[in-house]
Amino acid sequence: MCGILFSKNIEANLFLKALKTQGHRGPDNTGFKSFTNVFIGHNRLAIIDLDNSANQPFILGNLTVVFNGEIYNFKKLRKKIEDLDWEFKTNSDTEVLLIGYSIYGTSFFKQLVGMFSLIIYDSKNDEIIVARDFYGQKPLYKYLKNDKLVFSSELKPISILVKNTFDEDSIKYYLRFGMFQANKTPFIEISEVENNCYFRYSISNDIVLIEKEKIFNEYSFENKTLFLENLSEASIDRTVSDVPIGLFLSSGIDSTVIADMLKEHSIKSYTVSFNNSFDESGLANITAKKLKLSNEVLPCNEENNINYVKNIDNYIDIPFADPSYIPFLQLCNKASEKIKVAITELIIVFGKD
């Protein structure tokens, strides 16, 4: 859960102040790079390659990238690039991403297996490439008005950099349905970047969108064996990490299937428990015992719920009507004492060019 921030025609001191507001997304390092009227920032949560050489913004010649997410097949892509006699300076997926783009261009995005939101700045051509994964698992918001352009992982930094107006229609929709319409936010001037797309902007003079394309095409697998093979491979890919990882286990089908796929990999699981009918810890313990997993049950302390509600703006960037975030936050808080990455779900995109 890193944070990325990009701006055009914004004051430097404001940009640094805005970057700091999403520091909780990346407590391991805050990076900043400035060009003429262009600022690029990154808050890093280090998962792959903990060395400082992998910090962002990451630069290769005239290309600079900030990236939030993880590329699960980066080792396979790295081997492919190394066969072209490229040498890597880090062991990070970020470097694979940027070198791959420098070689193959935007077609490289089709080869990515993972979750990502990214911005690549081309200082030679004064252009940026913005892209999000298939389902938009990693947030990215956009402000474009007059000559000012901002991209951010959260709404708060944008609110610091520019003035925004509440969108009454959008808020009414949320209050009625408990969610915002696709790509909408509480503000008129801010929209969510469309998922499964990349965008190329020219920002040399006027800010102009010069290219927009979908990244992946989705199709279904009718072959059961092929589906299970991909499911198993996808599960294992998500265990690639240079920090301790764990699995959030409930009694649901999704986490149970993932636990079964990872039972040979000595992964530890965590379950939240309640003193009421919502409690799933009993069934989760049965699953863990059958799969020979070490499962730790972490009670939801209802007395602390009010503290999470009072500080909700520190945890949730855009409103959503789901009270399950309270026990989930407690689970994350306790589990973070022992792990840095938690597998909570498995989203697989089966695509073809």
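Structure's up top.
These remarks concern the structure in this document. Quick caveat: nothing in here was measured; it's all calculated off a predicted structure.

A look at helix α7 (residues 253–261)
An α-helical segment advances 3.6 residues per turn. Residues three or four places apart therefore align on the same side.
Reasoning step 1: For α7, every residue scored as buried is listed here: S255, I258 and A259. In a view along the axis of α7, the buried residues occupy a sector of 100°, so they form one face of it.

Some thoughts on the packing of aromatic side chains
Reasoning step 1: What the rule picks out here adds up to 16 aromatic pairs.
Reasoning step 2: An angle of 50° between the planes, with centres 6.4 Å apart, marks the rings of F6 and Y121 as tilted. Of this pair, F6 sits in strand β1 (residues 3–8) while Y121 is found in strand β6 (residues 114–122), placing the two residues 115 residues apart along the sequence.
Reasoning step 3: Note on Y174 and F180: the rings are 5.0 Å apart at their centroids and 15° apart in plane angle, and the pair reads as stacked. Across the pair, F180 and Y174 agree in class, each one buried.
Reasoning step 4: Lying across the ring of F35, K33 places its NZ or CZ 5.6 Å from the centre.
Reasoning step 5: Between the NZ or CZ atom of K80 and the centre of the ring of Y104, over which it lies, the distance is 5.2 Å.

Overview of the pattern of salt bridges
Reasoning step 1: Applying the stated criterion across every chain, the model contains 15 salt bridges.
Reasoning step 2: The salt bridge partner of E233 is K76, with a shortest N-O separation of 2.5 Å. Of the two residues, E233 is situated in helix α6 (residues 224–237) and K76 in helix α2 (residues 74–82); the sequence distance between them amounts to 157 residues.
Reasoning step 3: Residue class for E233 comes out partly exposed when judged on its relative accessible area of 35%.

Some details on the sheet that holds strand β4 (residues 58–60)
Strands in a sheet are paired, the pairing made by backbone hydrogen bonds, and the direction either parallel or antiparallel.
Reasoning step 1: Taken in spatial order, the six strands of this open sheet run β4-β5-β6-β7-β11-β12, and their pairing is antiparallel. Two strands bound the open sheet, and with one partner strand each, they are β4 and β12 (208–214). Averaged over all adjacent pairs, the angle separating strand axes in this sheet is 20°, with direction ignored.
Reasoning step 2: With six bridges connecting them, strand β11 (residues 197–202) and β12 associate as antiparallel partners. The residue of β12 that forms the bridge with F199 is K212.
Reasoning step 3: In the packing of helix α3 (residues 93–104) onto the sheet, the strands contacted are β4, β5 (63–71), β6, β7 (127–132) and β11, and the crossing angle to β5 comes to about 125°.

About the criteria used
Position numbers for residues start from 1 in each chain and track the written sequence from start to end. Only residues with pLDDT of at least 70 get local features here, since the model is predicted, and only at 80 or more are side-chain atom pairs given and counted; chain-wide, interface and lining totals rely on the full set of residues. As a rule here, side-chain values come from all non-hydrogen atoms in the structure, and water together with hydrogens is ignored. Per-residue accessibility, obtained with a 1.4 Å probe over protein chains only, is compared with the maximum for each type, and a residue is labelled buried under 20%, exposed over 50%, and partly exposed between these values. Numbering of helices and strands starts at the N terminus; helices are DSSP runs of H or I of at least 4 residues and strands are runs of E of at least 2. By definition, the arc is the one covered by directions from the helix axis to the C-beta atoms. Centre distance within 6.5 Å is the pairing criterion for rings of Phe, Tyr and Trp, where only the six-membered ring of Trp is used; planes under 30 degrees apart are then read as stacked, over 60 as edge-to-face, and the remainder as tilted. Geometrically, a charge over a ring is one whose NZ (Lys) or CZ (Arg) sits within 6 Å of the ring centre while staying within 35 degrees of the ring normal. Salt bridges, as used here, are contacts in which a Lys or Arg side-chain nitrogen is within 4 Å of a carboxyl oxygen on Asp or Glu. Two strands make a pair as long as DSSP finds a minimum of two bridges between them. Whenever a helix is involved, its axis is fitted only over the stretch in contact; in every case the axis is a line through C-alpha atoms, and angles between N-to-C directions fall within 0 to 180 degrees. Residues are treated as being in contact if the distance between any of their heavy atoms lies within 4.5 Å.

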